Amino acid sequence: MTNIEIGLWSFPALLVLIFLRVPIGLAMFIAGFAGLGLINGGFDIALARLKTETYTTFSSYSLSIVPMFLLMGHFATLGGMSTSLFKAAESWLGHRKGGVAMASIGACAGFGAICGSSLATAATMGRVALPELKRYGYAGGFSTATLAAGGTLGILIPPSVVLVIYAILAEQNIAKLFAAAIVPGLLAAVGYIIVISIYVRLFPKSAGVRPPVPMSERFRAMFDVWPVLLVFGLVVGGIYGGLFTPTEGAAVGALGTAIIAFFNGGLTLQSLLGSFTATARSTAMIFFIVLGAAFYNGFLAVSQVPQTAAAWVTEQGYSPYTVLIIILVFYLLLGCLMDSLSMILLTIPIFYPIISVLDFGMVDFVSMQHGMIRDAIASGAAEGVAQDVMDQINALMAAGQEVPRQLSGELGVRLTELRANALGVEYTAIWFGILVLIVVETGLITPPVGMILFIINAMDRQTPIVETYKAVMFFITSDLIRVALLVAFPAITLFLIT
Amino acid sequence: MNSFFLGLSKALAIVGGIVLSVLILIVVVSIIGRETGLGAVTGDYEIVEAGMAFAIFAFLPYAQMTGAHATVDIFTNVLSTKVQAWLVAIIEVVFAIALIIIAVQLFGGFESKLRTGQTTLLLQFPVWWGYAAAFAAAVVGGVVGVWHAMVKVTEAATGKIIAVEGGEA
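Please read these numbers as outputs of a predicted model, since none were measured by experiment.

A.B. asks: Before we move on, can you summarise the overall build of chain A with the specific residues and values?
C.D. replies: Each helix and strand in chain A was counted, giving 24 helices and 0 strands. Here the C-alpha atoms of chain A give a radius of gyration of 25 Å, agreeing with the 23 Å that 2.2 N^0.38 yields for 498 residues. Each of the three principal axes of chain A carries a C-alpha extent, and together these read 70 × 70 × 45 Å. For chain A, buried positions account for 59% of its 498 residues. Across chain A, contacts joining residues at least 24 apart in sequence account for 80% of those joining residues at least 6 apart.

A.B. asks: I'd like a description of the overall build of chain B, backed by residues and values.
C.D. replies: When helices and strands are counted, chain B shows 4 helices and 0 strands. In chain B, the order of α-helices and β-strands from amino to carboxyl end is α-α-α-α. Its C-alpha atoms give chain B a radius of gyration of 20 Å, clearly above 15 Å, the size a compact globule of 169 residues would have. Taking all 169 residues of chain B together, the buried fraction comes to 48%. Long-range contacts, defined here as pairs at least 24 residues apart, represent 73% of the contacts in chain B between residues at least 6 apart. Summing over all exposed atoms, chain B offers an accessible surface of approximately 7800 Å²; the carbon and sulfur share of this is 72%. Taking the 7 positively charged and 10 negatively charged side chains of chain B as two groups, their mean positions are separated by 9 Å.

A.B. asks: Run through the environment of Phe86(A), naming residues and quoting values.
C.D. replies: Residues and elements named next belong to chain A. Following the sequence through the fold, Phe 86 ends up in helix H5 (residues 81–93). Residue class for Phe 86 comes out buried when judged on its relative accessible area of 3%. With near-sequence residues (within four places) excluded, Phe 86 lies in contact with Val 100, Ala 103, Ser 104, Ala 107, Met 125, Val 128, Ala 129 and Glu 132.

A.B. asks: So what about the interface of chain B and chain A? Which residues, and what values?
C.D. replies: Residue-level contacts link 58 residues of chain B with 51 residues of chain A. Interface area for chain B against chain A, summed over the two sides, is near 5000 Å², with a carbon-plus-sulfur share of 79%. For the pair chain B and chain A, the number of links is 1 salt bridge. A salt bridge links Glu248(A) to Arg34(B); the nearest nitrogen and oxygen atoms lie 3.0 Å apart. Where chain B packs against chain A, one counts 5 residue pairs in polar contact (both at pLDDT 80 or more). Going through the elements one at a time, helix H1 (2–36), helix H2 (44–65), helix H3 (81–116) and helix H4 (127–158) of chain B are the ones with two or more residues in the side of chain B that touches chain A. In terms of residue class, the side of chain B that touches chain A is made up of 38 nonpolar, 13 polar and 7 charged.

A.B. asks: How would you sum up the packing of aromatic side chains? Please name residues and give values.
C.D. replies: For any pair of aromatic rings, geometry is given as the distance between the ring centres together with the angle between the planes. Applying the stated criterion to the full structure yields 34 aromatic pairs over all chains. Considering the side-chain rings of Tyr199(A) and Phe203(A), the 4.8 Å spacing of their centres and the 45° angle between planes classify their relative orientation as tilted. An aromatic cluster of at least three residues, connected via ring pairs, comprises Phe29(A), Phe33(A), Phe43(A), Phe288(A), Phe295(A) and Phe95(B). Looking at Arg210(A), its charged tip hangs above the ring of Tyr136(A), at a distance of 5.7 Å from the centre.

A.B. asks: Quick one: what's the story with the side chain of Asn457(A), residue by residue and with numbers?
C.D. replies: On the secondary structure map, Asn457(A) appears in helix H22 (residues 451–459). Apart from the residues lying within four places of it in its own chain, the contact partners of Asn457(A) are Thr144(A), Thr463(A), Pro464(A), Ile465(A) and Thr468(A).

A.B. asks: Just give me the short version of the packing of helix H13 (residues 246–263) of chain A against H1(B), but keep the residues and values in it.
C.D. replies: One can describe the packing of H13(A) onto H1(B) by two numbers: an axis separation of 9 Å at closest approach and a directional angle of 110°. Relative to H1(B), H13(A) is oriented roughly perpendicular. Contacts between H13(A) and H1(B) involve Glu248(A), Ala251(A), Val252(A), Ala254(A) and Leu255(A) from the former and Ile24(B), Leu25(B), Val27(B), Val28(B), Ile31(B) and Arg34(B) from the latter. When grouped by side-chain class, the residues that make up the contact of H13(A) with H1(B) number 9 nonpolar, no polar and 2 charged.

A.B. asks: I'd like a description of the environment of Ile4(A), backed by residues and values.
C.D. replies: Residues and elements named next belong to chain A. Structurally, the position occupied by Ile 4 is in helix H1 (residues 3–19). For Ile 4 and Ser 303, which are 299 residues apart along the polypeptide, the C-alpha to C-alpha distance reads 5.2 Å. The contacts of Ile 4, once residues within four sequence positions are left out, are Ser 303, Gln 304, Val 305 and Thr 308.

A.B. asks: Go over the confidence of the model for chain B, please, and point to the residues and values.
C.D. replies: The pLDDT averaged across chain B works out to 91; a share of 96% of its residues lies at or above 70. For this predicted complex, the interface score ipTM comes out at 0.95, alongside a pTM of 0.87.

A.B. asks: Summarise the pattern of salt bridges; cite the residues concerned and give the values.
C.D. replies: Across all of its chains, the model carries 10 salt bridges over all chains by this definition. For Glu35(B), the salt bridge is made with Arg34(B), and the minimal N-O distance between the two is 3.4 Å. We note a salt bridge from Lys152(B) to Glu155(B), for which the minimum N-O separation is 3.1 Å. Highlighted residues: Lys152(B) and Glu155(B), both in helix H4, separated by 3 residues, approximately one helical turn. An identical accessibility class is assigned to Lys152(B) and Glu155(B); each is buried. Look at the salt bridges and you will find they share partners, linking Glu248(A), Arg34(B) and Glu35(B) into a network.

A.B. asks: Quick rundown of helix H14 (residues 269–303) of chain A? Include the residues and the values.
C.D. replies: Under the 1.5 Å per step criterion, the end-to-end length of H14(A) is 50 Å for 35 residues, consistent within 8% with the ideal 51 Å. By the criterion of burial, H14(A) is predominantly enclosed, with 26 of the 35 residues buried.

A.B. asks: Can you lay out a nonpolar patch on the surface for me, pointing to particular residues and giving the numbers?
C.D. replies: A surface patch of nonpolar side chains, about 460 Å² in accessible area, is lined by Val190(A), Ile194(A), Ile198(A), Leu202(A) and Phe203(A). Relative to the elements of secondary structure, Phe203(A) occurs in the loop between helix H10 (174–202) and helix H11 (215–223).

The rules behind each value
Residues numbered from 1 in each chain as written. Chains lettered and ligands numbered in written order. Predicted model: local features only at pLDDT ≥ 70, side-chain atom pairs only at ≥ 80, totals over all residues. Heavy atoms only, no water. Helix = DSSP H or I, 4+ residues; strand = E, 2+ residues; numbered from the N terminus. Rg over C-alpha atoms; globule rule 2.2 N^0.38 Å. Buried < 20%, exposed > 50% of the residue type's maximum accessible area, 1.4 Å probe, protein only. Contact = heavy atoms within 4.5 Å. Areas by Shrake-Rupley, 256 points an atom, 1.4 Å probe, with all protein chains shown as cover. Lys, Arg positive; Asp, Glu negative; His and termini not counted. Charge placed at Lys NZ, Arg CZ, Asp CG, Glu CD. Buried area = accessible area lost by both parts, 1.4 Å probe. Salt bridge = Lys/Arg side-chain N within 4 Å of Asp/Glu carboxyl O. Polar contact = N/O pair within 3.5 Å; in protein donor to acceptor, adjacent residues only side chain to side chain. Nonpolar A, V, L, I, M, F, W, Y, C, P; charged D, E, K, R; others polar. Phe/Tyr/Trp six-rings, centres within 6.5 Å; stacked < 30°, edge-to-face > 60°. Lys NZ or Arg CZ within 6 Å of the ring centre and 35° of its normal. Axes fitted to C-alpha atoms, helices over the stretch in contact; angles between N-to-C directions. Parallel < 35°, antiparallel > 145°, perpendicular 65-115°, else oblique. pLDDT = per-residue confidence, 0-100. Expected span 1.5 Å × (residues − 1). Patch = residues over 30% accessible without salt bridge, like charges linked within 9 Å, V, L, I, M, F, W, Y side chains within 5 Å.

This is the structure we're talking about:
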């Protein structure tokens, strides 16, 4: 067998292992180990790599953000932030039609802003909101479906553990990815709220009514949310504003939520140890997958499969959008079987090289150059530039033509084709990352096996899972519409970073 | 016996959690020092890296004992309980072998760092310190992995449940 054949055969072998219930990290580890053995004709090289690879993988500074964010999520729950978020949202929205469900979505979005995991967001908000939804006469399936959909906001709204992993795999800037996720995340929350208002009109019996809460109480409930706003502002603002690295942001967030939990009386020795062991379980699970993926991807790189696949797709001359849509549909299907993190670690090393060589027309050199020139003129760079130079520049811009670099350089604008193309690749990578994140999350709430559905349904024994399945289809429709919008208009994702 | 290994792995996970908390404090102190002009903690980056490696190795045994690893079980759920039990037993044996290989090779890495005397860039502490700490935790991982595999094989052979999986919230 050639190396490429070994690489290609490793996919079905890996899938068989995973479907035989082998833990995903272990399956990738075995596939990578066996693959390297086959390519090298012996296990010496694979074993030698292990001497330092486990240590270097686990001692990654950028990955240390993962346990810190997980710990932060636990402290946020201990600090009662999930409850105060729900109370605040509920006091403002609760009296509307479907208002308590809308409040649950709002609270999930808020909790997503301090928690980087969907399963944790769904589980935490489920504990807080499910009893309230029941109390106000909301139908079982509608309630569980709402919370499942709300749970996906945990990952869409930064900080997000999965985005951190994507950033590392695709070698992209974590801060920019977080910024790019904000608008699609808010769109998701708005979309779910629209779904709820349509649902309660189609099925009026699915939601009870509740009298409005006095204004004074609403403002008091709002005031209780300040710790959440503080932590979110500090972490995401600090990372985006360049005050600190993402890892530093995670550390600040973890300490901040711990202090708040302590003053709210939620942080005792016992709950602290409980947070440690819960963080230990999720962290070990994630890092073992990261280790398996590092090993498997190392093998794939040696087998040349990703490069060959990327070259093959380019040669076929498929339209970039066709390739993108096929990949997104693939994720949607796989998302019904696997958790988002495993999927990203498993597939991004193959798909990302393919996507990065396709031209989605993200960057138009001329219009980008013109934009930069306009910015430069607006900031006063035109002062002291000879009038005839400015006349030439203005004439070229009016005609929609490229301005030669000698001229634009007078204004301090030195954009090259190479730089523009590099930006195009970066924008594509960020846009693709957000799209993948959304479809993967949609997979987590897609019947019959979406993981979040199981978690939420397990909290409400009286509701048959079929009821949840029926109601969640409305939320999935909203997800699909949103993905179509984001595919059609990349600017929705990218405008915050361009 | 099972409660001994569960307790051991839990204690190690808590030690890992304490290390993680100390790293968080160091990072925050470093930021405060940097922003107030008092100066950042020298080599905070290196401390985080070494500490993280230990913490992750310290977390692994508890994840092993409580069955925390992500799996896809919808296809195997159709199999009979007995077949599933054997499947789990075989997987846990393979997992234990993998953990032992990882620990043994990590010792090799430790030896070579000890031999070369490589130190970190800023703090100049020997890299083998980090490897030694990680190796100590990895040994527990291997031992716990073997125990857990033995439990699963016994469970498959006798049909009795010895260890209930799943950790507390």
